[in-house]
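# Descriptive analysis of the structure
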Amino acid sequence: MSSKTEKHPETGTADLSVEVGSLQLKNPVLAASGTFGYGLEFQQFFDLDRLGGFCTKGLSLQPMKGAAPGRIQETPAGMLNAIGLENVGVDGFIRDKLPLLGDCGTHVIANVLGKSIQEFVTIAERLEPYPEVSGLELNISCPNISEGGIHFGHDPEMTFQVVQAVRGSTRKPLWVKLSPNVTDITVFARACEEAGADAISLVNTFVGMSIDVHKRRPMLSNVTGGLSGPAIRPLAVRLVHQTAQAVRVPVVGIGGISHSRDALEFLIAGASAIQIGTANFYDPLVSLKVIDGLADYCRQQKLPGIRHLIGTLQIREGQFFYT
Amino acid sequence: MSWIVQAPVARAESFPGRNVLLSVEASDIAASTRPGQFVMAALQQHSSIPSPLLKRALAVYAIETEEGAPSRINLLLKVIGEGTRQLAQARPGDHLALLGPLGNGFQWEASGGKSHLIVAGGIGIASVLLLAQQLRNEGQDVHLIYGARSGRDLVGLEDFQKLDMDVITTTEDGSQGMHGLVTDGLQQLWSRIDPGTTTLYVCGPNPMMQAVSRLAAERSVSCQISVEVKMACGFGVCLGCSVKTRDSYRLACTHGPVFDAGRFVWEESQASFETVRAP
């Protein structure tokens, strides 16, 4: 090849393994739901076994065709999306995607969403017999359609009920992905914990809006959309830190990560693992770079393992601190 | 199979009308690109957070060979917003971050006795040179109708003239070729074509593609359009570039960018067409 293909050094001897509840990850880097397809789309770029894991596109009980065209808009250091949860449905995933993934050597976390508690439970039951699916991530936080489960994510009692119901129907590790579009995210995190969730992943996208000033129309057909990308990172780091203080279950940090330095912020803030989202779009190899960067950091800092970094943020006594 | 490469710019040429041609060293992409496919491209930046954040979808205009082997792809682009403005500033020695080839290209029947009519408007010409070259290599009968605002905007015209094919040009100011729109040029040929054996391949501004699609539908002429849609990833994971066909929502990146005009629903696809602009 005359072109310079991007290369990545091996992670070497650095121990990047982490635990998220009962799940052992070889490294703390996962790909976020909605940015990694069903994993298959990335197999042309690298072996998925390099990753700590990945979260599938959100799976509903029935296939969904998604929102009308006009689904994305780039914004400063980010993008808005209103995809409308287009997906092949849980049965389509089991029939058409899972066999192709085979033994991909990494944890497949099925992101699932339902219109009702019963739908969440049914989807969990359908996935239960498949050991290739390492865990479930409940999406109760898609901001773009009312049936996207957001009503479960905006009422702590509903959050508790849906998590408890799914908990009762699966033995797989159960993560819950929270919306940042609430006044106090810790209330929801605690509801998940009390209902038996194994981990809390946060954050999903922030609701935003962009306007075509010439046409005086919204840029997205859905009018509003979810903001993701580097623009939201500081907001997400703060929420992850706040949540990690409030619950005992592990937190999985998500929000604008595109570099190992970003991932380190989340780990220090208290996340046990992280997910990379929007950066997968503009750099499909970003996860590998982040993993290599974490290994470099461990070596430079002479850390016996990246897990020793989790939640090690040092805040001086008397230093201003939110509650 | 798509390749992720940091491709050195070998040559950059500017043309009137804010059009730029970049020749970049990307042998893997060059060796595997079919007519009508595209790449996602950005000027390589050192930051982990590029600005603008997303790559831009660009048609592969031409493929250059070295010692008989495909070695470089040519990208012909028009400066529209920040992403294309940056790309247009690329100089030899700079690198482009490329992902490609992507999408499904044009479909054509290789049998003889067929007539192929390529209709291009403005920078839409960037999507159709490889097709014209391929068809001419197969010894097929190819016509090009190429319209632009004025004669100096007819970028790449000589690349088609070299192929020894029938070329009609139209300009809105009448400075070269027929005075009028590309559809006026098409009308000139229209009575002479045989709907049963002709295929139209169209790339250009949406109103022009819609007008040509309508004409094709009236006479039941097979017609393929190549659409330009806002994209975040280009390879089917963001699901952002949806358009509407009579079958369902389809992704411009993995199902397109070439669609059967007869099944394409313009009104409902409109919102995806807005050109990606600087945030």
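Note that this is a predicted model, so its numbers are computed, not measured. Think of each chain on its own: its residues are numbered from 1, step by step along the sequence as written. The naming scheme follows written order: chains are lettered A onward, ligands numbered 1 onward. For a predicted model such as this one, the threshold for reporting local features is a pLDDT of at least 70, and the threshold for listing and counting side-chain atom pairs is 80 or more; totals across whole chains, interfaces and linings nevertheless cover every residue. Side-chain calculation: all heavy atoms of the structure are included, whereas hydrogens and water are not.

## Quick word on the pattern of salt bridges
All names here are of chain B. By definition here, a salt bridge exists when the distance from a side-chain nitrogen of Lys or Arg to a carboxyl oxygen of Asp or Glu is within 4 Å. Per the stated rule, a full pass over the model turns up 19 salt bridges over all chains. The salt bridge partner of E82 is R85, with a shortest N-O separation of 2.7 Å. A residue pair is termed a helical-turn pair when its members lie 3 or 4 positions apart in one helix, as E82 and R85 do in helix α2 (residues 82-88) at 3 residues. Only protein chains enter the accessibility calculation, which uses a 1.4 Å probe; a residue is then buried when its area is under 20% of its type maximum, exposed when over 50%, and partly exposed in between. Exposure remark for E82: the relative accessible area of 22% places this residue in the partly exposed category. A salt bridge links D159 to K162, with the shortest nitrogen-to-oxygen separation between them at 3.5 Å. What makes K162 exposed here is its relative accessible area of 65%. One salt-bridge network, in which partners are shared between bridges, spans R11, E13, E25, E64, E66 and R72. Each helix corresponds to a stretch of at least 4 residues labelled H or I by DSSP, and each strand to a stretch of at least 2 residues labelled E; elements are numbered beginning at the N terminus.

## Considerations on the nonpolar core
Membership of the largest hydrophobic core comes to 141 residues, with the highest contact counts inside it found for L127 and L178 of chain A together with L200 and I225 of chain B. It is helix α9 (residues 286-300) of chain A that provides the largest number of residues to this core, a total of 8 residues. By definition in these notes, contact holds between two residues if any of their heavy atoms fall within 4.5 Å. What I225 of chain B contacts, discounting residues up to four positions off in sequence, is V202, M209, S213, P257, V258, F259, A261, F264 and W266 of chain B. Of all hydrophobic cores here, the second largest spans 28 residues; its members include A120, V128, A132 and V258 of chain B. Here the nonpolar core consists of buried residues drawn from Ala, Val, Leu, Ile, Met, Phe, Trp, Tyr and Cys, with membership extended through side-chain atoms lying within 4.5 Å.

## Describing the sheet that holds strand β8 (residues 141-148) of chain B
Residue and element names in this part refer to chain B. The strand order across the open sheet formed by 7 strands is β10-β9-β8-β7-β11-β12-β15, and the pairing between neighbours is mixed. Taken across any chain shown, the strands that pair with only one partner, and hence form the sheet edges, are β10 (178-179) and β15 (258-260). The criterion for strand pairing is that DSSP finds at least two bridges linking the strands in question. As judged from the 3 bridges shared by strand β12 (residues 222-226) and β15, these two strands associate in the antiparallel manner. Bridge pairing links S226 to V258 in β15. Together, β7 (115-121), β11 (198-203) and β12 form the strand contacts of helix α6 (residues 206-218), whose direction differs from that of β11 by roughly 165°. What counts as an axis is a line fitted to C-alpha atoms, over the stretch in contact for a helix, and the angles between N-to-C directions run from 0 to 180 degrees.

## Overview of unusual backbone geometry
For the peptide bond that leads from L202 of chain A to V203 of chain A, omega is 15°, which places it in the cis range. Inspection of the secondary structure assignment puts V203 of chain A in the loop between β11 (199-202) and β12 (206-209). Geometrically, the link from S51 of chain B to P52 of chain B is a cis peptide bond, its omega value of -5° lying close to zero. Inspection of the secondary structure puts P52 of chain B in the loop between β3 (38-43) and β4 (56-66). At A77 of chain A, a position not held by glycine, the phi torsion is positive, near 50°. If you trace the backbone, A77 of chain A turns up in the loop between β6 (72-75) and β7 (78-81). Judged by relative accessible area, A77 of chain A falls into the partly exposed class, the value being 34%.

## Here's the deal with the sheet that holds β6 of chain A
Residues and elements named next belong to chain A. Pairing in this open sheet of 4 strands is antiparallel, and the strands run β6-β7-β15-β12 from one edge to the other. Since the sheet does not close on itself, it has two edges, and those belong to β6 and β12, each with one partner. Pairs of neighbouring strands in the sheet enclose a mean axial angle of 40°, with direction left out of account. For β12 and strand β15 (residues 224-228), the ladder comprises 4 bridges, and the chain directions are antiparallel. Across the sheet, the residue bridging to F206 is L227, located in β15.

## Digging into the environment of V128 of chain B
Residues and elements named next belong to chain B. Structurally, V128 can be placed in the loop between β7 and α3 (129-137). Given a relative accessible area of 0%, V128 falls into the buried group. For V128, the residues in contact, after removing those within four places along its chain, are F106, I118, A120, F160 and C203.

## Quick look at the environment of T183 of chain B
Residues and elements named next belong to chain B. Here T183 is to be found in helix α5 (residues 182-190). Considered as a pair, T183 and I145 are 38 residues apart in the sequence and their alpha carbons are 8.7 Å apart. Setting aside its immediate chain neighbours within four residues, T183 contacts A211, V212 and L215.

## Quick notes on the packing of aromatic side chains
Only centres within 6.5 Å qualify two rings of Phe, Tyr or Trp (six-membered ring in Trp) as a pair; their planes then separate them into stacked at under 30 degrees, edge-to-face at over 60, and tilted for everything else. Counted under the stated rule, the structure contains 13 aromatic pairs over all chains. The interplanar angle of 40° and the centroid separation of 6.1 Å between the aromatic rings of Y38 of chain A and F93 of chain A together place this pair among those described as tilted. Remark: F93 of chain A occurs in helix α1 (residues 89-101) and Y38 of chain A occurs in the loop between β4 (29-31) and β5 (53-55); sequence separation between them is 55 residues. The two residues Y38 of chain A and F93 of chain A agree in class, both being buried. Relative to W266 of chain B, the ring of F264 of chain B lies with its centre 4.9 Å away and its plane at 65°, an arrangement referred to as edge-to-face. Overall, the relative accessible area of 6% leaves F264 of chain B in the buried class.

## Side note on a nonpolar patch on the surface
Only residues whose relative accessible area exceeds 30% and that form no salt bridge enter a patch; like-charged residues are grouped when within 9 Å of one another, and nonpolar side chains (Val, Leu, Ile, Met, Phe, Trp, Tyr) when within 5 Å. Using a 1.4 Å probe, the Shrake-Rupley method yields the accessible areas, and only the shown protein chains count as cover for residues. Residues M209, I211, V213 and V223 of chain A make up a contiguous nonpolar surface patch of about 380 Å² in total accessible area. By the element assignment, I211 of chain A lies in strand β13 (residues 211-212).

## As for the layout of surface pockets
Points on a 1 Å grid, built from protein atoms alone, make a cavity when a 1.4 Å probe fits but cannot get out and make a pocket when they are open with protein on both sides within 12 Å along at least 5 of 7 lines; residues with an atom within 4 Å of a point are the lining residues. Grid points are joined across faces, edges and corners, and a volume is the space filled by probe spheres set on the points. There is about 680 Å³ of room inside the second largest pocket. Around the second largest pocket sit 35 residues that line it, and D283 and K289 of chain A together with Q44, Q45 and S47 of chain B are the ones nearest its centre. Of all the secondary structure elements, the ones that give two or more residues to the lining of the second largest pocket are α9 of chain A together with β1 (3-15), β3, α2 and β6 (95-102) of chain B. Looking at side-chain class alone, the lining of the second largest pocket contains 16 nonpolar, 13 polar and 6 charged residues. In this classification, the charged set is Asp, Glu, Lys and Arg, the nonpolar set is Ala, Val, Leu, Ile, Met, Phe, Trp, Tyr, Cys and Pro, and all remaining amino acids, among them Gly, are polar.

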